[in-house]
Amino acid sequence: MQLIDSHVHLNFDLFQPDMDAVRSRWQSAGVVALVHSCVEPGEFASISAIARRFPEVSFAVGLHPLDADKWTNTTAEEIRTMANSDPKVVAIGETGLDFYKASNDQQQMMVFEAQLAIAEQLDLPVIIHCRNAAPELRSVLQKWKDSVGERLRGVMHCWGGTPEETQWFVDLGFYISFSGTVTFKNAKQIQESAATVNKERLLIETDCPFLSPVPKRGQKRNEPAYVQYVAEQIANLRGETVEAIAAQTTQNACKLFGLTLPNSTVA
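First, a word on what this report is: a plain description of the structure on this page. Remember, it's a predicted structure, so these values are computed and weren't measured experimentally.

**Here's the deal with the layout of surface pockets**
Gaps between atoms show up when a probe of the same size as a water molecule is rolled over them. The volume enclosed by the largest pocket comes to roughly 710 Å³. For the largest pocket, the lining is made up of 29 residues, of which Asp 98, His 129, Cys 130, Arg 131 and Cys 158 are closest to its centre. Elements supplying a minimum of two residues to the lining of the largest pocket: β4 (89-98), β5 (126-131), α5 (134-148) and α7 (188-196). Taken together, the residues of the lining of the largest pocket break down into 13 nonpolar, 9 polar and 7 charged.

Structure follows, in structure tokens:
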């Protein structure tokens, strides 16, 4: 069984003491590829170093909406240059909108659209963070979809929206990625979305080191090996085998991010 963790943050200090052991555990769990997200361009060097160290790691470059105030008149060119400088860059992000923790709505919208433009220019998918902003984000994506068509593609990461909101983004051609939150007892809305989303748009992730899934929820550090528990929960919710969920989400991640797995026919 092969798994792909479509959203990780391994460059945090708490992984540094035992990174080789963390990798050994994700390999033992069947994780054959990982996509490392980026909170702000200053992380590029550390993330790129991880991707060079571990061949199964690809990554993104971008600016998180909660860091939108760090955007300058040179940031777009910096992101574009970084994305072009390393063949292991497979996406722009994470970008998006977060109206839960910040109120600079207009700044976030400007930064988000600037990164959508970069993704379209480079023909790369976007990794989207969305919290308390689904209607506004849908409106922006619909405008871009009408303008550039299929070149606009990506994933709603660590998704927590309603089934109705989920369908909005599926209809726009986006993938929906579920994290450890889908295993939480009271996450009924997320579980309903995971049970009903089109299988060809389904992805799994850990968003490590955050959001450790049940049965590891009490642990302060989440890690890629635990994506197996996300797959197991989604399999239970959908009445499918975990092997079927693993195969489908691996195929979907390869398609979205252009990943090629060693000794695999997944495309």
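**What about the pairing of strand β7 (residues 175-178)?**
Here β7 shows two buried faces, one formed by Tyr 175 and Ser 177 and the other by Ile 176 and Phe 178. As paired elements, strand β6 (residues 154-156) and β7 share 2 bridges and run parallel to each other. Its bridge partner lying in β7, Val 155 is registered against Tyr 175. A crossover links β6 with its parallel partner β7, the connecting element being helix α6 (residues 163-171), and its sense is right-handed. Of the strand pairs in this sheet, β7 and strand β8 (residues 202-204) are connected by 3 bridges, and their pairing is parallel. Looking at β8, one finds that Ile 176 is bridged to Leu 202.

**With respect to the packing of aromatic side chains**
Inspection of the entire model under this criterion finds 6 aromatic pairs. Relative to Phe 210, the ring of Phe 12 has its centre 5.6 Å away and its plane inclined at 85 degrees; by these criteria the two rings are edge-to-face. You can see Phe 12 sitting in the loop between β1 (3-8) and α1 (19-28) and its partner Phe 210 sitting in the loop between β8 and α8 (227-238), a full 198 residues away along the chain. Given the relative accessible area of 26%, Phe 12 is considered partly exposed. Since its relative accessible area comes to 39%, Phe 210 is described here as partly exposed. Relative to Phe 169, the ring of Trp 168 lies with its centre 6.4 Å away and its plane at 65 degrees, an arrangement referred to as edge-to-face. Each of the two residues, Trp 168 as well as Phe 169, counts as buried. Directly above the ring of Tyr 100 sits Arg 131, whose terminal nitrogen or CZ lies 3.7 Å from the centroid. Stacked on the ring of Tyr 175, the Lys or Arg Arg 201 has its end atom at 4.7 Å from the ring centre.

**Description of the nonpolar core**
Formed by 75 residues in total, the largest nonpolar core has its most connected members in Leu 141, Phe 169 and Phe 178. The dominant element in this core, judged by the number of residues it contributes, is helix α4 (residues 105-122), at 7 residues. If sequence neighbours within four positions are ignored, Leu 141 has contacts with Phe 112, Leu 116, Ile 128, Leu 152, Phe 169, Leu 172 and Phe 174.

**Topic: the sheet that holds β8**
Taken together, 8 strands build an open sheet; the order of strands is β1-β2-β3-β4-β5-β6-β7-β8 and the sheet is parallel. With one partner strand each, in any of the chains shown, β1 and β8 form the two edges of the open sheet. Taken over all neighbouring pairs, the strand axes of this sheet differ in orientation by 30 degrees on average, direction set aside. Of the pairings in the sheet, the one linking β1 to strand β2 (residues 31-36) comprises 4 bridges and is parallel in character. For Asp 5, the partnering residue across the bridge sits in β2 and is Leu 34. Its contacts with the sheet put α5 on β4, β5 and β6, and the angle it makes with β5 is roughly 150 degrees.

**Regarding α4**
Helix length check: α4, at 18 residues, gives a terminal C-alpha distance of 26 Å against a target of 26 Å (1.5 Å per residue), a fit within 8%. Within α4 the residues assigned to the buried category are Gln 108, Val 111, Phe 112, Ala 114, Gln 115, Leu 116, Ala 117, Ile 118 and Ala 119. Elements that come into contact with the buried residues of α4 comprise α3 (75-85), β4, β5 and α5. Just beyond α4, the residue with positive phi is Asp 123, at close to 55 degrees.

**Quick look at the pattern of salt bridges**
Per the counting criterion, the structure on display carries 13 salt bridges. As a salt-bridge pair, Glu 56 and Arg 23 come within 2.8 Å of each other at their nearest N and O atoms. Within this pair, whereas Glu 56 is found in the loop between α2 (44-53) and β3 (57-61), its partner Arg 23 is found in helix α1, the two being separated by 33 residues in sequence. On the basis of relative accessibility, which here comes to 14%, the residue Glu 56 falls in the buried class. Here the salt bridges share partners, and the residues they tie into one network are Asp 18, Arg 25, Arg 221 and Glu 223.

Conventions we followed
- Residues numbered from 1 in each chain as written.
- Predicted model: local features only at pLDDT ≥ 70, side-chain atom pairs only at ≥ 80, totals over all residues.
- Heavy atoms only, no water.
- 1 Å grid on protein atoms, 1.4 Å probe; cavity = no way out; pocket = protein on both sides within 12 Å on 5 of 7 lines; lining within 4 Å.
- Points joined across faces, edges and corners; volume = space filled by probe spheres on them.
- Helix = DSSP H or I, 4+ residues; strand = E, 2+ residues; numbered from the N terminus.
- Nonpolar A, V, L, I, M, F, W, Y, C, P; charged D, E, K, R; others polar.
- Buried < 20%, exposed > 50% of the residue type's maximum accessible area, 1.4 Å probe, protein only.
- Pairing = 2+ DSSP bridges.
- Right-handed = clockwise from strand over helix to strand, strands pointing away.
- Phe/Tyr/Trp six-rings, centres within 6.5 Å; stacked < 30°, edge-to-face > 60°.
- Lys NZ or Arg CZ within 6 Å of the ring centre and 35° of its normal.
- Core = buried A, V, L, I, M, F, W, Y, C linked by side-chain atoms within 4.5 Å.
- Contact = heavy atoms within 4.5 Å.
- Axes fitted to C-alpha atoms, helices over the stretch in contact; angles between N-to-C directions.
- Expected span 1.5 Å × (residues − 1).
- Salt bridge = Lys/Arg side-chain N within 4 Å of Asp/Glu carboxyl O.

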